[in-house]
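Given next are the chains, with one letter for each unit.
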Amino acid sequence: MKIYIVIPAHNEGNFIGNTLESLVNQTKKPDRLIVVDDNSSDNTSRIAQTYAERYPFIELIKSKSSKEHAPGSKVINAFYKGYYHLDEDFDVICKFDADLIFPPNYLSRISEYFEKDTSAGMVGGFCSIKKNNKWVPESLTGKDHIRGALKAYSKHCFFQIGKLKPAMGWDTADELLARFHGWKVVTDESLLVKHLRPTGMNYREHSGRKQGEAFYRLRYGTLLSIIASAKLAAMKMNPFAFLHYLSGYLKAKSEKRPFLVSEEEGRFIRKLRWANIRKKLV
């Protein structure tokens, strides 16, 4: 089973060495790994290049993107810069962040899931953060969701969902579309990945409004968007975030921003979301 990995990286000099070290020490090595240095001003490129020189399956690409803070779209555009340097001779394509440390068996375990179940479209572990000198799961999402930091897709699922959407909410859209097309999203609680820079450390109001816009573009509808906004704000322990999410949703609705999914996909998404809510209330 061939595994290709693309790692978008912007000013990750403090972390990317750890990430690459954990990936070159996997019990199952990736067949290709591309680091996309997305307009970094630190030593990200230099560190990635040292690994590219030592390991033939690693390649560094430099990208000169805009310096504008564009949640979702910026990282996916960088991902595509790397993806388009790959051939299509892969079984699994991964989009990983550059601030993670993977356990040595990570790639071998996700390979096993894909090999044993041809209906597995996405497979992943969980991010963990350090608290009181212990690494514990980063509880920002449900146990049925794979974080955008460590996405792995089967080739056929990746193509069927239309690859990745260059917009905020891409890492929710991919799973919803995978389920719409009948693919399983498989998570493994035993695969704990160390997250060196916990999510939410750099929360910005702009990102919150973009998240609200994503709820609209995924066709959640107003009530579901309010519930999702409240849940996410509670998880982040930031009451102001709720207002940012909601204002982003309402602005996108008033501007009639283009949707990320079709009407049929939207109906499926709303039905799935309501079913999950009812399940948690029982």
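Treat the numbers as computed from the prediction; the structure is a model and nothing was measured.

Student: So what exactly am I meant to see when it comes to the overall build of the protein chain here?
Tutor: Looking only at helices and strands, the protein chain features 10 helices and nine strands. For 282 residues, the compact-globule estimate of 2.2 N^0.38 gives 19 Å, and the protein chain sits close to it at 18 Å. Dimensions of the protein chain along its principal axes, counting C-alpha atoms only, are 55 × 40 × 40 Å. Expressed as a percentage of its 282 residues, the buried residues of the protein chain come to 50%. Within the protein chain, counting contacts between residues at least 6 apart in sequence, those at least 24 apart form 78% of the total. Carbon and sulfur atoms make up 53% of the accessible area of the protein chain, which totals about 13,700 Å². Treating the 45 positive side-chain charges of the protein chain as one cloud and the 31 negative ones as another, the clouds have centres 6 Å apart.

Student: Is there a simple way to think about the domain arrangement of the protein chain in this case?
Tutor: Often the size quoted for an interface is simply the accessible area lost on bringing the parts together. Splitting the protein chain by domain gives domain 1 (3–195) and domain 2 (205–279). Summarising the inter-unit geometry, the C-alpha centres of domain 1 and domain 2 are found 24 Å apart. Buried area between domain 1 and domain 2, both sides added, is near 1,500 Å², and the carbon and sulfur share of it is 73%. For the pair domain 1 and domain 2, the interface holds zero residue pairs in polar contact (both at pLDDT 80 or more). Of the residues in the side of domain 1 that touches domain 2, the class split is eight nonpolar, six polar and two charged.

Student: I would appreciate a short explanation of the pattern of salt bridges in the present structure.
Tutor: Should the charged atoms of two oppositely charged side chains come close, the side chains can pair. Applying the stated criterion across every chain, the model contains 18 salt bridges. E175 is the partner of K151 in a salt bridge, and the nearest nitrogen-oxygen pair spans 2.8 Å. Of this pair, K151 sits in strand β8 (residues 150–154) while E175 sits in helix α6 (residues 170–180); the two residues are 24 residues apart in sequence, bridging distant segments of the chain. The buried category is assigned to E175, whose relative accessible area is 3%. If you follow the salt bridges from partner to partner, you end up with K151, D174, E175 and R179 in one network.

Student: Please explain a negative patch on the surface as it appears in this structure.
Tutor: Taken together, the side chains of D31, D91, E112 and E115 define an acidic patch exposed on the protein surface. Position of D31 among the secondary structure elements: in the loop between α1 (16–24) and β2 (32–38). Using a relative accessible area of 33% as the deciding quantity, one classes D31 as partly exposed.

Student: Can you walk me through the packing of α6 against helix α10 (residues 263–281) in this structure?
Tutor: Axis angle and axis distance: for two packed helices, these are the angle between their axes and the distance between the axes, and together they describe the pair. Here α6 crosses α10 at 95°, and the two axes come no closer than 10 Å. It follows from the interaxial angle that α6 and α10 lie roughly perpendicular. Contacts from T172, L176, L177, R179 and F180 in α6 reach E264, E265, F268, I269, L272 and R273 in α10.

Student: Help me understand the environment of F90, please; the structure alone is not making it clear to me.
Tutor: With respect to the secondary-structure elements, F90 resides in the loop between α3 (73–83) and β4 (92–96). You can call F90 buried: its relative accessible area is 2%. In sequence terms F90 and A178 are 88 residues apart; their C-alpha atoms lie 19 Å from each other. What F90 contacts, discounting residues up to four positions off in sequence, is K2, Y4, Y83, K155 and F159.

Student: Looking at this structure, how should I read the nonpolar core?
Tutor: The tendency in soluble globular proteins is for nonpolar side chains to be buried side by side. Residues I5, L33, I93, F96, Y106 and L150 are the most contacted members of the largest nonpolar core, which totals 76 residues. Counting residues per element, this core draws most heavily on strand β1 (residues 3–9), at six residues. Counting contributing residues per domain, this core is built from domain 1 (3–195) and domain 2 (205–279), each supplying no fewer than three. Those residues in contact with I93 that sit more than four places away from it in its chain are Y4, F79, Y83, L86, K151, A152, Y153 and F158.

Student: Quick question: what am I supposed to make of the packing of aromatic side chains here?
Tutor: Where two aromatic rings form a pair, the distance of their centres and the angle of their planes describe that pair. Tallied over the full model, the rule gives 21 aromatic pairs. Taken together, a centroid distance of 6.0 Å and an interplanar angle of 15° make the contact between F79 and Y83 stacked. Note that F79 and Y83 are positioned in helix α3 at a spacing of four residues, about one turn of the helix. Between F90 and F159, the ring centres sit 6.2 Å apart and the planes meet at 55°, which makes this aromatic pair tilted. Residue F90 is found in the loop between α3 and β4, and its partner F159 is found in helix α5 (residues 155–160); the two are separated by 69 residues along the sequence.

What counts as what
- Residues numbered from 1 in each chain as written.
- Predicted model: local features only at pLDDT ≥ 70, side-chain atom pairs only at ≥ 80, totals over all residues.
- Heavy atoms only, no water.
- Helix = DSSP H or I, 4+ residues; strand = E, 2+ residues; numbered from the N terminus.
- Rg over C-alpha atoms; globule rule 2.2 N^0.38 Å.
- Buried < 20%, exposed > 50% of the residue type's maximum accessible area, 1.4 Å probe, protein only.
- Contact = heavy atoms within 4.5 Å.
- Areas by Shrake-Rupley, 256 points an atom, 1.4 Å probe, with all protein chains shown as cover.
- Lys, Arg positive; Asp, Glu negative; His and termini not counted.
- Charge placed at Lys NZ, Arg CZ, Asp CG, Glu CD.
- Domains from an automatic or database assignment.
- Buried area = accessible area lost by both parts, 1.4 Å probe.
- Polar contact = N/O pair within 3.5 Å; in protein donor to acceptor, adjacent residues only side chain to side chain.
- Nonpolar A, V, L, I, M, F, W, Y, C, P; charged D, E, K, R; others polar.
- Salt bridge = Lys/Arg side-chain N within 4 Å of Asp/Glu carboxyl O.
- Patch = residues over 30% accessible without salt bridge, like charges linked within 9 Å, V, L, I, M, F, W, Y side chains within 5 Å.
- Axes fitted to C-alpha atoms, helices over the stretch in contact; angles between N-to-C directions.
- Parallel < 35°, antiparallel > 145°, perpendicular 65-115°, else oblique.
- Core = buried A, V, L, I, M, F, W, Y, C linked by side-chain atoms within 4.5 Å.
- Phe/Tyr/Trp six-rings, centres within 6.5 Å; stacked < 30°, edge-to-face > 60°.

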